[in-house]
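Examination of the molecular architecture
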Amino acid sequence: MAKRVLVLNGPNLNLLGTREPGIYGAHTLKDVETLCKQTATELGLTIDFRQSNHEGELVTWIQDARKTADAIVINPAAYSHTSIAIPDAIKAVGLPVAEVHLSNIHQREAFRHHSYVSAAALGVICGFGVTGYRLALIALAEKLK
Ligand code: DQA
C-alpha cells in the first residue's frame, strides 16, 4: 500500500503569493499543493494537504495522523518560534516529521533563528522556497522504504 504523508501548513501560509513576495516568493499555497501532489505521484506516496491559522487545529491533525499517516511534512510558520504544543504532539505520535520553511530563517530576524519544532523533527529544510516541500517528500519517502 502507498505510504501516506500529511502535509501541514501553519498560519498565514494561506496568503502565499501575495504575502511578502520578496521573502516568500510568488507561488500560492495551491501551487505548493500541486507541487506536493506531483512529487507524491512520482514517489508513489499519497498526500493529504492542509493549512490552518489555529495552533490547536494543527495539534489535533498531528494527533489524528497516528491512524491516518505514515509521516508528516510541516511548515509550522510563526508557530515554529512559539509553540510547545506542536513539538509535543509530534513526539506523542512518533511519526517521522520533516520541518520546512520557505525562507532561510537563520538569515532573518533573531526571533526566527530558533524553532521549537526542530527538536521533534527528523530533519529541517529551509531557504529553498517551495522546492523545500519537494525535498521533504523525497527525504521522507527514503525514510519510509
Ligand atoms: C516560515 C518562516 C517563519 O518565520 C514565518 O513566521 C512564516 C513562514 C517560512 O516558511 O519561511 O510564516 O515558516
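In this text the structure is predicted, and so the values were computed from the model without any measurement.

Considering the overall build of the protein chain
A count of helices and strands for the protein chain gives five helices and five strands. Ordered by position from the N terminus, the helices and strands of the protein chain form the series β-α-α-β-α-β-α-β-β-α. Against the 2.2 N^0.38 benchmark of 15 Å for 145 residues, the protein chain shows a C-alpha radius of gyration of 14 Å, consistent with a compact globule. Seen along its three principal axes, the alpha-carbon backbone of the protein chain occupies a region of about 40 × 30 × 25 Å. Counting every position in the protein chain, which comprises 145 residues, the buried fraction comes to 49%. Taking as baseline every contact in the protein chain between residues at least 6 positions apart, the subset at least 24 positions apart corresponds to 77%. Working note: accessible area of the protein chain is about 7,100 Å², and carbon and sulfur atoms make up 54% of it.

Concerning helix H2 (residues 29-43)
For an α-helix, the turn length of 3.6 residues means that residues three or four places apart are oriented alike. Along its 15 residues, H2 runs 21 Å from first to last C-alpha, staying within 8% of the 21 Å computed at 1.5 Å per residue. For H2, the complete set of buried residues consists of Leu29, Val32, Glu33, Leu35, Cys36, Thr39 and Ala40. For H2, the arc enclosing every buried residue in end-on projection is 160°, short of the 170-degree limit, so these residues lie on one face. Relative to its buried face, H2 has exposed residues pointing more than 90 degrees away, namely Lys30, Thr41 and Glu42. A positive backbone phi angle near 75° is found at Gly44, which sits one or two residues after H2.

Comments concerning the site of the ligand
The immediate surroundings of the ligand are formed by Arg19, Tyr24, Asn75, Ala77, Ala78, His81, His101, Leu102, Ser103, Ile105, Arg108 and Arg112. In the model, an oxygen atom of the ligand is placed 3.2 Å from a nitrogen or oxygen of the Ala78 main chain. Within the contact set of the ligand, an oxygen atom lies 2.8 Å away from a side-chain nitrogen or oxygen of His101. About the coverage of the ligand: the protein hides 99% of its 320 Å² of free accessible area. The residue makeup of the shell around the ligand, split by class, is five nonpolar, four polar and three charged.

Observations concerning helix H5 (residues 131-144)
Its 14 residues give H5 an end-to-end C-alpha distance of 20 Å, which sits within 8% of 20 Å, the value for a rise of 1.5 Å per residue. Of all the positions in H5, only Gly132, Tyr133, Ala136, Leu137, Leu140, Ala141 and Leu144 are classed as buried. The inward-facing, buried residues of H5 abut strand E1 (3-9), H2, strand E2 (45-51), strand E3 (71-75), strand E4 (97-101) and strand E5 (123-126).

About the criteria used
Residues numbered from 1 in each chain as written. Predicted model: local features only at pLDDT ≥ 70, side-chain atom pairs only at ≥ 80, totals over all residues. Heavy atoms only, no water. Helix = DSSP H or I, 4+ residues; strand = E, 2+ residues; numbered from the N terminus. Rg over C-alpha atoms; globule rule 2.2 N^0.38 Å. Buried < 20%, exposed > 50% of the residue type's maximum accessible area, 1.4 Å probe, protein only. Contact = heavy atoms within 4.5 Å. Areas by Shrake-Rupley, 256 points an atom, 1.4 Å probe, with all protein chains shown as cover. Expected span 1.5 Å × (residues − 1). Arc of directions from axis to C-beta. Near = heavy atom within 4 Å. Polar contact = N/O pair within 3.5 Å; in protein donor to acceptor, adjacent residues only side chain to side chain. Nonpolar A, V, L, I, M, F, W, Y, C, P; charged D, E, K, R; others polar.

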